[in-house]
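Each chain is listed here by its residues.
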Amino acid sequence: MIIYVIIVLVVLVVWVISIYNFFVSSQTRIKASIQEIGNQLKRQSDLIPNLESSVKGYLSHEKGILQMLSDARKLISIGKDASAKIAELLPKLQVVVESNPELKGNTVVTNLMDELRDTADKVMYARRLLIDLTADFNVKRVTFPSSIIAGMFKFEEMKGLETSDTGVHLSVSELETKSPKINL
Amino acid sequence: MKNIYEVRNANKIKSSIVVVGFVIFVALTVYVLSQALGYYWGYDVGGLGFVGFALIISGLISYGSYYFSDQIVLTISGAKKANRKEYFDFYTVAENLAIGSGLPKPKLYVIDDSAPNAFATGRDPKHAVICATTGLLDKLTRTELEGVIAHELSHVRNYDTRLQSLVAVMVGLIALLGDWLLRMRMFGDRDRDRENMGAIILVLGIIFAILSPIIAQLIQLAISRRREFMADAGSVSLTKQPGGLISALEKISKDTEPLEVANKATAHLYIASPFKGKRGQGSVGWFSNLFNTHPPVEERIKALYDMG
């Protein structure tokens, strides 16, 4: 008889320990996931201005060449001698053609857009992890029987991603039900 | 429905069963064969002599399969490592989903094949590998790719990959061997000197043929339709966009090209069956039907619509 009581007690203790460990390890993981959001935000703020300036630099370079080309073309079209303009343009054009067999403004901008989307995704997924982990924690905290352990050790509800409980983001306006149009 | 911890434990237990089953099978086969051949050649092999040897060999194979099954699977699939520059979407999507799921970033590999497909392998999340074909990476948009990679990451998280890779290497080895022996017997000539050899191969072939339903059962154990549905559900809970996975599955199933590097030992690893109506002949065809246990894509898409 006593052996059964001992078995039941051991099982109970093991269960209490596993639930307790779930709560404390979740708390640690939630803290780590908050740090991960910060980490991704820092990456974003380091990366984006650098990308922006390098793309801008590249585009202005290409823009200058195109400007000169169209200037020369204009002169020809109104019947003037454009040889001076072209002489000025040629060495620059040569440098560009040698270093870039084709003008790559298109790919540079596409790459920038890819990086922007990737960075936004990274921050979003970092937040998603925080939301998921806090949801797991809070569900375990309030559901029976793990709620007994949470009560015993006074585990507080985790906040997760702090979002205001009131405000326009909780309602959908008439305008928002329509798909946005893009004007370029 | 089982929760993720129960699924994980079940997969770990089943992995152990596969390993133990493999060792017992090899020892038993060697014992039967050594006794039969000893009788045939007219000398006494002496009890369990060969079995100890077989146990050591199968033990080594099990050890190797556990630690190197991912490498073996990648090698027979002809996969190469993916870098960020060349496969930007693949690399960054996997990186982001790893952040979102709280798993370490898996190693990424690419198979140069235009048939769109993908699989995951590795013994635990720390040693996970996700492999995609170039066809998949070319044909899918980023959102669709997210659905597929999240599906594979769910396999990793559920420890499906450990079980499936072990099954691919161990059970696949036995199945392929049996298949090969059966075919060898069929095409063997009737040369008098080869008669003895033919008899041995016939014995082996019959043993494997008798055991193949058991092997098929093992594969079933590893794949089970629910596993794919669970990974689909895991994918949606990670990306929150069922639309991506739905249109990815549609694209993959509409593509009629079979994946050349897939064989029946690795077929169950892939997100969708890589055979695409390729029917073998004789014992081979019968085998590949047994191994074809992917749930129909339509059913999976319907389940995904119900989630969304």
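It should be emphasised that the depicted structure is a prediction, and the values quoted were computed from it without experimental measurement.

Caption draft 1: Molecular detail of the overall build of chain A. Within chain A, the regular secondary structure consists of four helices and zero strands. For chain A, the sequential pattern of α-helices and β-strands runs α-α-α-α. For chain A, the spread of C-alpha atoms along the three principal axes comes to 110 × 45 × 20 Å. Burial analysis of chain A (184 residues in total) assigns 9% to the buried set.

Caption draft 2: Broad picture of the packing of helix H1 (residues 2-77) of chain A against helix H3 (residues 105-142) of chain A. Close contact between H1(A) and H3(A) brings their axes to 9 Å; oriented N to C, the two are set at 170°. It follows from the interaxial angle that H1(A) and H3(A) lie roughly antiparallel.

Caption draft 3: How the structure looks around the pairing of strand S2 (residues 107-111) of chain B. All names here are of chain B. The element S2 is extensively covered by neighbouring structure, given that four of its five residues are classed as buried. In this structure, strand S1 (residues 79-81) lies alongside S2, joined through three bridges in antiparallel fashion. The residue bridging Lys80 from the neighbouring strand is Val110, located in S2. The sheet contact formed by S2 and strand S4 (residues 129-133) spans five bridges and is parallel. Across the sheet, residue Lys107 finds its bridge partner in S4, namely Val129.

Caption draft 4: Main features of unusual backbone geometry. Backbone torsion omega between A:Phe144 and A:Pro145 reads 5°, so that peptide bond is classified as cis. If you trace the backbone, A:Pro145 turns up in the loop between H3 and helix H4 (146-152). A positive phi angle, close to 50°, is found at A:Lys154, a residue other than glycine. Of note, A:Lys154 is situated in the segment after H4. Judged by C-beta crowding, with 6 C-beta atoms within 10 Å, A:Lys154 ranks as exposed. A positive phi angle is found at B:Lys240, which is not glycine, with a value near 60°. Mapped onto the elements of the fold, B:Lys240 is located in the loop between helix H7 (195-239) and helix H8 (242-254).

Caption draft 5: Focus on the nonpolar core. Ranked by size, the top nonpolar core spans 67 residues in total, and within it B:Leu97, B:Ala118, B:Ile130, B:Cys131, B:Val148 and B:Ile149 carry the most contacts. Setting aside residues up to four positions removed in sequence, B:Ala118 forms contacts with B:Ile130, B:Cys131, B:Ala132, B:Thr133, B:Leu136, B:Val148, B:Glu152, B:Tyr270 and B:Ile271.

Caption draft 6: Focus on the environment of B:Phe119. Residues and elements named next belong to chain B. Along the polypeptide, Phe119 turns up in strand S3 (residues 118-121). Take Phe119: there are 30 C-beta atoms within 10 Å of it, and that puts it in the buried class. Residues Phe119 and Thr161, 42 residues apart in the sequence, show an inter-C-alpha distance of 9.1 Å. Here Phe119 is in contact with Cys131, Glu152, Leu269, Tyr270 and Ile271, once residues within four sequence places are set aside.

Cut-offs used in this document
- Residues numbered from 1 in each chain as written.
- Chains lettered and ligands numbered in written order.
- Predicted model: local features only at pLDDT ≥ 70, side-chain atom pairs only at ≥ 80, totals over all residues.
- Helix = DSSP H or I, 4+ residues; strand = E, 2+ residues; numbered from the N terminus.
- Buried ≥ 20, exposed ≤ 12 C-beta atoms within 10 Å, placed from the backbone.
- Axes fitted to C-alpha atoms, helices over the stretch in contact; angles between N-to-C directions.
- Parallel < 35°, antiparallel > 145°, perpendicular 65-115°, else oblique.
- Pairing = 2+ DSSP bridges.
- Core = buried A, V, L, I, M, F, W, Y, C linked by C-beta atoms within 7 Å.
- Contact = placed C-beta atoms within 7 Å.

As far as function goes, none of this settles anything; it's purely spatial.
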